[in-house]
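What follows is each chain in one-letter form.
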Amino acid sequence: MTNSKKSGVNKQSSSAVRGRGVILPIDACPSCGKALREKRSTLSFPVNGENIKVKKARHLSCPDCGEMVLLEEQARYVQREAVNTYRDKYRLLSAEEIRSVRERFGLTQAELSKILRLGPNTISRWEMGRNVQTAAMDVLLRLIRDLPESLEYLRKNVA
Ligand SMILES: [Zn+2]
């Protein structure tokens, strides 16, 4: 039982997280119908193609068959933590740092997205930890932060 439980968890973990969690109206195992229990364990989430481990991530687990389910907020937590860890690892600006750069210049998320020629929701996703900026975009954000006149330059050159 220990073995099958273990492999069940491992097998389910990536697909459940990748699918952004399965929302269940009741706490029943989708495989066998037993009541799920809350557990904490290390899960991994892909950020830019790299599997980032998130420790002590809460999720629901079936005591019988090992099926694992993440509620929407649990899946979001794993994603946010994975993005944070990735940013730390590659020394990219954090979500808070990006927000503070933007707010210092009184820009909305949509305005900054436009200046950087990104999709309208990109900055919002970065600030919510749903997505991570590329290294090149990180450089541009630092440029705006450290050389404020570069914002004027970028503004003038927005298509
Ligand atoms: Zn089950």
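Being a predicted model, the structure only gives us computed values, none of them experimental.

The rules we used
Residues numbered from 1 in each chain as written. Predicted model: local features only at pLDDT ≥ 70, side-chain atom pairs only at ≥ 80, totals over all residues. Pairing = 2+ DSSP bridges. Helix = DSSP H or I, 4+ residues; strand = E, 2+ residues; numbered from the N terminus. Contact = placed C-beta atoms within 7 Å. Axes fitted to C-alpha atoms, helices over the stretch in contact; angles between N-to-C directions. Core = buried A, V, L, I, M, F, W, Y, C linked by C-beta atoms within 7 Å. Buried ≥ 20, exposed ≤ 12 C-beta atoms within 10 Å, placed from the backbone. Domains from an automatic or database assignment. pLDDT = per-residue confidence, 0-100.

### As for the sheet that holds strand S3 (residues 68–69)
Paired through their backbone hydrogen bonds, the strands of a sheet run either parallel or antiparallel.
(1) Moving on: As summarised here, the arrangement of the three strands in space is S1-S2-S3, forming an open sheet in which the pairing is antiparallel. What marks the edges here is a single partner per strand, and that holds for strand S1 (37–47) and S3.
(2) Moving on: Pairing between S1 and strand S2 (residues 50–61): ten bridges, direction antiparallel. Counterpart to arginine 40 in the pairing with S2 is arginine 58.
(3) Moving on: Sitting on the sheet, helix H2 (residues 72–89) is in contact with S1 and S2, with an inclination near 155° to S2.

### Let's talk about the nonpolar core
(1) Moving on: Core analysis: the largest hydrophobic core is formed by 25 residues, its most contacted members being Leu36, Leu43, Phe45, Val54, Val69, Val78 and Ala82.
(2) Moving on: At the level of secondary structure, the elements contributing two or more residues to this core comprise S1, S2, S3, H2, helix H5 (122–127) and helix H6 (135–146).
(3) Moving on: Taken together, domain 1 (2–89) and domain 2 (95–156) each give at least three residues to this core, which thus spans both.
(4) Moving on: Sequence-distant contacts of valine 54, that is, excluding residues within four places in its chain, are made with Thr42, Leu43, Phe45, Val78, Glu81 and Ala82.

### Re the confidence of the model for the protein
(1) Moving on: Per-chain confidence: the protein averages 86 in pLDDT, with 83% of residues scoring 70 or above.
(2) Moving on: Per-element confidence in the protein ranges from a low mean pLDDT of 38 for helix H1 (residues 2–18) to a high of 97 for helix H3 (residues 95–104).
(3) Moving on: When the criterion is pLDDT under 50, residues 1–20 qualifies, and its contacts beyond four places in sequence or with other chains add up to 25 contacts.

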